[in-house]
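Analysis of the macromolecular model
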Amino acid sequence: MQIVGSICAVSSSLNVGKASPMVHIGACIGAIMGQGGSKKFRLTWKWLQVFKNDRDRRDLVTCGSAAGIAAAFRAPVGGVLFALEEMASWWRSALLWRAFFTTAIAAIVLRALIDACLRGECGLFGKGGLIMYDVTSANISYHLRDVPPVILLAVIGGILGSIYNHLLHKILQIYNLVNEKGIAYKVILACCISISTSCLLFGLPWIASCRPCPSNTPEPCPTIGRSGNYKKFQCPPDHYNDLASLFFNTNDDAIKNLFSKDTDTEFHHSSMLIFFATCFLLSTFSYGIVVPAGLFVPVIVTGAAYGRLVGMYVGFATNLNHGLFAVLGSAALLGGSMRMTVSLCVIILELTDNLLLLPLIMLVLLISKTVGDAFDENIYDLIMNIKGFPYLEAYAEPYMRQLTVGDVVTGPLQIFHGIEKVGNIVHVLKTTKHNGFPVVDELPLSSYPVLFGLILRAHLITLLKKKSFWRMPAPLGADASLRFSADDFTKKGLGHGDQIGDIKLSKEELEMFVDLHPFTNTSPYTVVETMSLAKALSLFREVGLRHLLVIPSVSGGIPVVGILTRHDFMPKHILNLHPQLLQSRWRRLRFKLPRLR
């Protein structure tokens, strides 16, 4: 569905990209491989069972996303760096070479398909190429006086990126309210955006004036029946409409037109301003409707128009041509909205095949990211906040250094005894949504309460499903686990786990007992309640934990204070518990954009 939806969305001229859907498709393929294949479509292999664990599944999803970027932009190294910068929370050498191998294979397969299209074997699909701009500008030379205009472009690009994020954030909040009303409202919203886009794309070129064809152009002018820089659109012979040349092409071809060299006189100032404003608004309003949509390509084309516009006004003070300004404008808007640096730099270089631009692109990305960070978060974090995903940042907020883990632990804490009554287990599982529970031994198994370990909800449900019950509350030792195999406790496919409501137990069975000792993780990660919250966040994120047990600093009482999950590290949760931190001087410096009314 992602593939079909992405093709239909892009071909309908909606101002959306296909990079993010391809990243999602790659991640989905990785997730399917991480669960041993798909039983629904009868695509299962026994050799994939070895990857059926949390760590390998995360690695496969990360590699899949890297392959998606490599396939979308023909940027294998950029795909690896994208996975490093945005996807993986814990990077290690094994994951590095796996992602590199994946993107290399994706690039080779893509190259083979492109060669087939170049030989004319793609039929009506043309010469192919996906998103490949290949806009080289030989013998680029820039000097110190060219740097100030580039810095100005980067600063304004960072501000525009923040405005873009702020506007998109507000629009997505409105779309969520509309989409919650049902499928009919989702379809109506998508139709309204599609109709509005079509009206703008066909209506705006009428206000642009016709321009005479240049005499030294390497391609036919006007362009009729194919993509090109010179669309006729109601113009007399030997004339073209520059605004129609941008609107009546795909986003990929529009970017090629804007990035191309020796085209400083092809576009008028007013046409470029209209195109920039239209792309800026359409890219914000088109994202969030019920179609697979990406932000990479719309931001690139909007940034290219912005860079061209800046080049038109300050080009007299620099040796850089308008095409190079378009490349730097795309980098500025990408850095100002997405806030990535290394991966974006490499992706842009692999797209344009121009290594000489490396210093300027690095400068633009660093400045635009710094300016954008002063106003708001990157666009991906804002979207995840709207969707309610508990995503942990790589850094700890400054106020976390003032808190301990005991300051954010909330109750009530649900504890199981080493030998627990079946009815108590069923009651706790039905009345809570916790995925992990501490197991504590007390009298007569221990002279004082002691933390034995941690048991997962899925393992408890497996025990209840297998009905491994006993009438007497006595420890059974390791022999109790002989009734189970390792496959009984393996993680099922995504969204297909057993639920407590599906298990039927009699009244007699509810009065029986279960020995949890053989099935408990006896070495869970634990922290003392006096540990710094910032230090606990680093441990939680880098090790990839789901549960972190908090034990008391003084022994003798209850052996466990609480459990930390990723929700407990979220700034919203912490600031709700400690609202005085909102006014703390340790808060990160950030300017606020005005509220939209």
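Counting of residues starts from 1 at the beginning of each chain's written sequence and follows it residue by residue. Side-chain atom pairs in this predicted model are given and counted only at pLDDT of 80 or more, local residue features only at pLDDT of at least 70, and totals for whole chains, interfaces and linings cover all residues. Think of the side-chain values as coming from all heavy atoms in the structure, minus any hydrogens and water.

The name given to the chain in an unreviewed UniProt entry is Chloride channel protein, and the organism recorded there is Handroanthus impetiginosus. What UniProt records for the chain under Sequence similarities (unreviewed entry) is the sentence "Belongs to the chloride channel (TC 2.A.49) family." UniProt positions are given in the numbering used here, feature names are shortened, and annotations may be inferred rather than shown by experiment.

**Remarks on the UniProt feature "transmembrane region" (unreviewed entry) in the chain**
This chain's UniProt record puts "transmembrane region" (unreviewed entry) on residues 95-114, 150-167, 187-208, 273-301, 313-335 and 342-367. We count a stretch as a helix when DSSP gives it H or I for four or more residues in a row; a strand needs E for two or more, and each element gets its number in order from the N terminus. Here residues 273-301 is 69% helix and 0% strand, with 13 Å between the C-alpha atoms at its ends. Helix makes up 70% of residues 313-335 and strand 0%, whereas the separation of the span's terminal C-alpha atoms amounts to 22 Å.

**Section: the pairing of strand β7 (residues 436-441)**
Where burial is concerned, most of β7 is hidden: six out of the six residues are buried. The two faces of β7 match: Gly 436, Pro 438 and Val 440 on one face and Phe 437, Val 439 and Asp 441 on the other face are all buried. A pair of strands is considered paired only if DSSP assigns at least 2 bridges between the two. Bridge count for β7 against strand β8 (residues 450-456) is six bridges, and the pairing is antiparallel. Directly across from Val 439, in β8, lies its bridge partner Gly 453. Whether a residue is buried, partly exposed or exposed follows from its accessible area with a 1.4 Å probe, protein chains only, as a fraction of its type maximum: under 20%, in between, or over 50%, in that order.

**Let's talk about the packing of helix α6 (residues 147-179) against helix α12 (residues 322-338)**
As a rule, the C-alpha atoms of each element are fitted with a line to give its axis, helices using only the stretch in contact, and angles between N-to-C directions run from 0 to 180 degrees. Where α6 contacts α12, the axes come no closer than 7 Å and their chain directions differ by 45°. Between α6 and α12, the interaxial angle falls into the category oblique. As for the relative orientation of α6 and α12, their crossing is right-handed in sense. From α6, Pro 149, Val 150, Leu 153, Ala 154, Gly 157, Gly 158, Leu 160, Gly 161, Ser 162, Tyr 164 and Asn 165 reach across to α12, where they touch Phe 325, Leu 328, Gly 329, Ala 332, Leu 333, Gly 336 and Ser 337. Only Asp, Glu, Lys and Arg are considered charged in this grouping, and only Ala, Val, Leu, Ile, Met, Phe, Trp, Tyr, Cys and Pro are considered nonpolar; every other residue, Gly among them, is considered polar. Tallied by class, the residues present in the contact of α6 with α12 amount to ten nonpolar, eight polar and no charged. Just so you know how the angles are binned, under 35 degrees is roughly parallel, over 145 roughly antiparallel, 65 to 115 roughly perpendicular, and the rest oblique. Working rule for handedness: look at the near helix, and if it is turned counterclockwise from the far one by less than a right angle, call the crossing left-handed; if clockwise, right-handed. The contact criterion used throughout is that any non-hydrogen atoms of two residues lie within 4.5 Å.

**Remarks on the sheet that holds β8**
Across the sheet, three strands lie side by side as β5-β7-β8; this open sheet has mixed pairing. Bordering the open sheet on either side are β5 (416-417) and β8, each of which pairs with just one other strand. By the bridge criterion, two bridges tie β5 to β7 in an arrangement that is parallel. Following the sheet pairing, Phe 416 is matched in β7 by Val 439.

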